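# Observations on the model geometry
Next come the chains, spelled out residue by residue.
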Amino acid sequence: MTGKQINVALIGNPNTGKTSVFNQLTGLNQKVGNYPGITVEKKEGLCKLPRGLKAHIIDLPGTYSLNASSLDENVVIELLLNKNDKDYPDVAVVVSDVENLKRNLLLFTQIKDLGIPTILVINMADRMERKGISLDIDILEERLKTKIALVSARKRTGIDKLKELIINHRNISTEPCVNASVIDPDYFGNLRKAFPKQSIYKLWLVITQDVNFGNINRNEIDKTHSFNTKSTSELKRLQQKETIHRYQFINGVLKEALRIDTNAAKDLRSRLDRVLTHKIWGYAIFFAILLLIFQAIYDWSSYPMDLIDSTFASLSELTKANLPEGVFTNLIAEGIIPGLGGIVIFIPQIAFLFLFISILEETGYMSRVVFLMDRIMRRFGLSGKSVVPLVSGTACAIPAVMATRNIENWKERLITILVVPFTTCSARLPVYLIIIALVIPDETFLGFNLQGLMLMFLYLLGFGIAILSAWILNGILKIKNKSYFVIEMPNYKLPLLKNIGINVVEKTKSFVFGAGKIILAISIILWVLASYGPGDDFNNAEEIIRENYTEQSISTEELEQEIASYKLKHSYIGIMGRGIEPVVAPLGYDWKIGIAIISSFAAREVFVGTLATIYSVGSDEEETIKNRMAAETNPVLGGPLFTLASGVSLLLFYAFAMQCMSTLAIVQKETNSWKWPILQLVIMSVFAYVVALIAFQFLK
Amino acid sequence: MKVTVAQLKRGERGIIKEFSADHVPLKLLEMGCLPGNEVELVQTAPFKDPMYLNINGSHLAIRKETALQIEIELIK
Ligand SMILES: Nc1nc2c(ncn2[C@@H]2O[C@H](COP(=O)(O)OP(=O)(O)OP(=O)(O)O)[C@@H](O)[C@H]2O)c(=O)[nH]1
Ligand SMILES: [Mg+2]
């Protein structure tokens with residue numbers, strides 16, 4: 001049977017397991033984490049139901065109610081208020097957490113009022129025994145006028161029951177279980193008279209939406225504006241009354257249907273929180289965890305990295321030896337393989353980084369960090385919740401900018417978005433690592449590896465500058481805001497290995513493929529530009545060099561090197577590079593680095609690939625990228641190109657410059673204006689140039 | 001004297017009194033911070049800000065400025 005797909009929306013409070021249920025239904029692997037606000041946008045998937053039916057499942061950000069107060073919550077309301085939306089649900093599945101049933105049911109009663117068939121999922125059933133919870137499902141179903149599936153998304157129980165309920169969604173009553181209009185019968189009576197065709201609760205939502213959040217898409221019900229006979233504070237009071245009224249109903253229901261045997265409940269939370277949120281220990285532990293992460297990224301991953309590096313070098317050799325000589329072989333061996341090698345080598349480190357971030361999120365620790373840091377962050381115009389974007393910004397700025405959506409306060413959110421690109425994202429890591437390896441000695445200092453310390457310093461610098469610029473922005477930006485802050489502190493959970501594994505694999509994959517595509521394209525272009533050149537200088541390089549050296553005796557090997565470098569200098573890329581050399585020379589760079597910087601404006605990680613491609617054109621020996629870079633000499637000053645001075649200058653340039661098109665695009669989208677991304681681009685780039693200039697001139 | 005959540009010491013409990021909608025955000029109510037409910041101070045960050053509360057089984061953290069708006073009756 002083919003028919004219309006059933007549209008199913010997963011709705012519920014934050015952190016109740018909506019995405020876990022979504023993944024079970026669709027077989028997809030969306031990100032799951034024990035932190036309220038992991039999902040911040042609509043995600044879709046397909047679910048095969050028995051009897052050949054299909055359902056189109058929509059995962060939504062968590063929301064505490066239908067009165068949105070932040071952007072992620074607003075996504076849900078916009079969907080539910082717009083009947084013409086292609087995703088408008090035929091059936092709503094409200095996912096609740098058995099441990100927080102009372103709070104979760106508030107949203108349920110609101111959804112029910114919209115007249116959509118509503119199924120209640122009571123998730124985390126596996127924790128009931130531990131917490132001494134018992135439920136009377138029959139009473140709940142009867143009082144809430146719905147069908148219930150008791151589910152454990154972790155243990156995969158109850159999913160089939162849920163599928164069955166979805167198929168039979170037409171049998172579910174669409175009657176509300178709470179009558180909201182009793183909070184002001186006159187007002188609601190008039191409303192009904194004025195708009196007899198509309199759902200009364202929808203009208204009420206539209207009217208009150210502005211009070212909390214604003215800019216809702218109101219389409220056909222726009223006329224309600226003229227009906228707005230109440231002042232903002234009257235409306236607020238009514239909303240408060242509504243909430244209390246709903247809770248009264250819920251309390252009544254749960255008194256009959258829910259039992260909690262407190263003796264059976266074992267509480268890990270309070271014992272852990274006594275330490276992890278402690279005024280001193282809390283901070284000490286947080287700092288220790290950060291230190292451990294850097295040590296791991298630096299030390300543990302060096303073994304697989306060395307292996308990858310030499311593998312790619314010999315792969316290049318092998319290609320050259322086995323394929324017929326020619327342009328095509330050169331392109332592969334000199335352009336594509338080194339370019340890709342430049343990115344594959346960072347997989348171990350990036351995987352480690354993602355591993356730690358997902359563990360912090362899955363255990364529930366992240367909310368504790370938000371709690372510990374809120375007051376400090378507030379000083380700088382940020383919110384405790386900015387910590388999560390700043391930490392996940394160490395993976396990539398794009399999800400980090402999106403993770404700001406659960407910050408209620410627009411000014412705090414804007415500042416967070418603007419400063420997030422300063423944190424050291426994984427794309428900077430390749431650049432840092434290779435330059436640190438070149439210019440910082442591999443020695444230990446007080447038991448710490450110097451190179452590891454330098455890396456840690458760069459991370460701290462990224463955070464430091466982010467915070468400092470937040471503080472400056474806080475002073476400059478004049479935005480009125482009513483500020484408040486609430487965060488739920490979830491229970492600690494043992495991280496699910498599978499969730500973490502999926503996170504690490506998915507993130508690493510998208511890093512490698514995302515960067516891989518750009519690098520592949522750029523390394524081909526670069527290789528072409530470096531292998532061809534205009535005019536006599538390039539085409540007759542061999543004769544010119546031979547003529548120069550007729551007098552001196554010189555080995556053929558040296559002669560060939562001279563020819564190759566002369567050719568490179570007069571190739572298209574050489575000409576372009578020398579054009580920009582005056583701009584980058586004061587920073588201590590040669591034209592090759594200049595080209596690498598320009599090509600990495602698309603994405604930072606291209607830097608290493610670019611250098612790898614440029615340096616490997618024309619060179620014969622099997623060499624790792626690092627050795628090639630170490631052998632370069634400075635055209636102006638003589639001596640090795642990568643010294644402490646030029647190295648530090650490059651590190652600082654990469655720390656501050658805004659070199660990522662995708663971040664600019666996402667900032668444009670999230671702030672809905674070009675002003676902010678353009679400001680970000682200009683200010684960060686100028687700042688990077690100036691700091692790098694000062695550093696080089698000072699250290700050289 | 002007016003007693004608010006901000007005056008709670010760690011481990012102390014109180015019952016939330018009526019409050020005005022103009023000062024306490026609706027979101028807090030929705031998260032379970034309702035008049036009549038019991039509130040316990042679980043932990044505070046330095047300078048008692050933010051405060052980590054357990055309100056009838058709901059665990060949440062709020063800033064001190066908000067805590068100052070929620071009047072309570074201490075449970076001895
Ligand atoms: N014990 C247990 N934990 C679960 C279950 N389902 C989900 N979790 C955990 O609960 C946490 C939240 O799960 P998510 O699926 O990310 O929740 P969500 O509702 O999508 O959260 P947001 O997107 O942040 O609103 C994760 O740590 C999950 O591993 C379950 O059935 N049992
Ligand atoms: Mg989710």
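Residues numbered from 1 in each chain as written. Chains lettered and ligands numbered in written order. Predicted model: local features only at pLDDT ≥ 70, side-chain atom pairs only at ≥ 80, totals over all residues. Heavy atoms only, no water.

Naming follows an unreviewed UniProt entry, where chain B appears as Ferrous iron transport protein A of Zunongwangia atlantica 22II14-10F7.

Formally: UniProt positions are given in the numbering used here, feature names are shortened, and annotations may be inferred rather than shown by experiment.
Identification of chain A as Ferrous iron transport protein B from Zunongwangia atlantica 22II14-10F7 is taken from an unreviewed UniProt entry. Quoted verbatim from the Sequence similarities (unreviewed entry) heading of the UniProt record, the comment on chain A is "Belongs to the TRAFAC class TrmE-Era-EngA-EngB-Septin-like GTPase superfamily. FeoB GTPase (TC 9.A.8) family." According to the UniProt record, the Function (unreviewed entry) comment for chain A is "Probable transporter of a GTP-driven Fe(2+) uptake system."

### Here's the deal with the overall build of chain B
Applied cut-off: Secondary structure elements are taken from DSSP: a helix is a run of H or I of four residues or more, a strand is a run of E of two residues or more, and numbering for both begins at the N terminus. We call two residues in contact when some of their heavy atoms are within 4.5 Å. Using the Shrake-Rupley algorithm and a 1.4 Å probe, accessible areas are obtained, with residue cover drawn only from the displayed protein chains. Working convention for charge: Lys and Arg count positive, Asp and Glu count negative, and His plus the chain ends are omitted. Charged side chains are reduced to one point each, which is NZ for Lys, CZ for Arg, CG for Asp and CD for Glu.
Scanning chain B for helices and strands turns up two helices and five strands. Taken from N to C terminus, the helices and strands of chain B fall in the order β-α-β-β-β-α-β. C-alpha extents for chain B along the principal axes are approximately 30 × 25 × 25 Å. Of the contacts formed within chain B by residues at least 6 apart in sequence, a portion of 57% connects residues at least 24 apart. When the accessible area of chain B is evaluated, it comes to approximately 3200 Å², of which 50% is carbon and sulfur surface. Averaging the locations of the 10 positively and 10 negatively charged side chains of chain B gives two centres separated by 7 Å.

### What about the overall build of chain A?
Going by this rule: The rule is simple: take the accessible area with a 1.4 Å probe, protein chains only, and divide by the maximum for that residue type; under 20% is buried, over 50% is exposed, in between is partly exposed.
When you go through chain A residue by residue, the secondary structure sums to 31 helices and eleven strands. The principal-axis extent of the C-alpha atoms belonging to chain A is close to 105 × 60 × 55 Å. A burial count over chain A gives 57% of its 700 residues as buried. Partitioning the intrachain contacts of chain A with sequence separation of at least 6 by distance along the chain shows that 74% fall at a separation of at least 24.

### Side note on the sheet that holds strand β2 (residues 43-48) of chain A
Residues and elements named next belong to chain A. For clarity, the cut-off: In this description, strands pair whenever DSSP reports at least two bridges between them. Axis definition: a line fit to C-alpha positions, over the contact stretch in the case of helices; interaxial angles, taken between N-to-C directions, run 0 to 180 degrees.
As summarised here, the arrangement of the six strands in space is β2-β3-β1-β4-β5-β7, forming an open sheet in which the pairing is mixed. Each edge of the sheet is formed by a strand with only one pairing partner; in this case those strands are β2 and β7 (147-150). Across the sheet, the mean angle separating the axes of adjacent strands is 25° when strand polarity is ignored. The pairing of strand β5 (residues 118-123) with β7 spans four bridges and is classified as parallel. Of the residues in β7, the one forming a bridge with I119 is K147.

### Examining the UniProt feature "transmembrane region" (unreviewed entry) in chain A
Residues and elements named next belong to chain A. Within the UniProt annotation, "transmembrane region" (unreviewed entry) is assigned to residues 280-298, 336-360, 414-440, 452-473, 511-530, 593-615, 636-657 and 677-699. Secondary structure across residues 414-440 comprises 67% helix and 0% strand; the distance between its end C-alpha atoms is 37 Å. Secondary structure content for residues 593-615 is 74% helix and 0% strand, while the C-alpha to C-alpha distance between its ends is 11 Å.

### Observations concerning the coordination of the magnesium ion (ligand 2)
Residue and element names in this part refer to chain A. Let me state the cut-off plainly: Think of the donor list as every N, O and S atom within 2.8 Å of the metal, or within 3.2 Å for Na, K and Ca; water never makes the list, so a site can look incomplete.
Looking at the metal site, the magnesium ion (ligand 2) is ligated by T19 (OG1) and T39 (OG1), spaced 1.9 Å from it. Taken together, the residues span a long stretch of sequence, with T19 in helix α1 (residues 18-26) and T39 in the loop between α1 and β2 at a distance of 20 residues. On the basis of relative accessibility, which here comes to 13%, the residue T39 falls in the buried class.

### Considering the site of ligand 1
All names here are of chain A. Here is the rule we go by: Here a residue is near a molecule or strand as soon as one of its heavy atoms is found within 4 Å of it. Between N or O atoms, a polar contact is any pair within 3.5 Å; within protein, one atom must be a potential hydrogen donor and the other a potential acceptor, and residues adjacent in sequence are included only when both atoms are from side chains.
Taken together, 26 residues form the shell around ligand 1, and within it K18, T19, S20, T39 and D126 come nearest. Here G33 contributes a backbone N or O atom positioned 3.1 Å from an oxygen atom of ligand 1. I38 places a polar main-chain atom, nitrogen or oxygen, 2.7 Å from an oxygen atom of ligand 1. Notes on ligand 1: free accessible area 660 Å², of which the protein chains cover 99%.

### Some remarks on the side chain of E73(A)
Note that E73(A) resides in helix α2 (residues 71-81). The contact partners of E73(A), leaving out residues within four places of it in the chain, are G62(A), T63(A), Y64(A), N67(A), A68(A) and K27(B).

### Overview of the domain arrangement of chain A
All names here are of chain A. Cut-off, in case you're wondering: Note that the domain bounds were set by an automatic or database domain assignment. Note: buried area is the sum, over both parts, of the accessible area (probe 1.4 Å) each one loses when the two are combined.
Taken as a whole, chain A is organised into domain 1 (6-171), domain 2 (180-260), domain 3 (293-427 + 448-476) and domain 4 (516-699). Domain 3 and domain 4 are separated by 23 Å when their C-alpha centres are compared. Across the boundary between the two partners, domain 3 contributes 34 residues, which contact 38 residues of domain 4. Taken together, the two surfaces of domain 3 and domain 4 that pack against each other cover about 3200 Å², and 73% of this comes from carbon and sulfur.

### What about the sheet that holds strand β4 (residues 58-62) of chain B?
In space, the six strands of this open sheet follow the order β11(A)-β4(B)-β3(B)-β2(B)-β1(B)-β5(B), with antiparallel pairing throughout. Edge positions in the open sheet fall to β11 (486-488) of chain A together with β5 (72-75) of chain B, since each of these has one partner strand only. Shown here is a sheet whose adjacent strand axes are inclined to one another by a mean of 35°, direction ignored. Bridge analysis of β11(A) against β4(B) gives three bridges, and the strand direction is antiparallel. The partner of V486(A) across the bridge, within β4(B), is I62(B).

### Observations concerning the UniProt feature "binding site: Mg(2+)" (unreviewed entry) in chain A
Residue and element names in this part refer to chain A. Under the UniProt annotation, "binding site: Mg(2+)" (unreviewed entry) lies at N23, T26 and G27. Summarising the element assignment, N23 is placed in helix α1. Exposure remark for N23: the relative accessible area of 15% places this residue in the buried category. Turning to its location among the elements, G27 is positioned in the loop between α1 and β2. The class of G27 is exposed, set by a relative accessible area of 58%.

### A closer look at the packing of helix α18 (residues 410-419) of chain A against helix α30 (residues 661-671) of chain A
Residue and element names in this part refer to chain A. Quick note on the threshold: The scheme is simple: roughly parallel for angles under 35 degrees, roughly antiparallel for over 145, roughly perpendicular for 65 to 115, oblique for anything else.
Their axes nearest at 11 Å, the elements α18 and α30 cross at an angle of 170°. When the axis of α18 is compared with that of α30, the two are roughly antiparallel. Counted together, W410, R413, L414 and I417 of α18 and V667, E670 and T671 of α30 form the full contact between these two elements.

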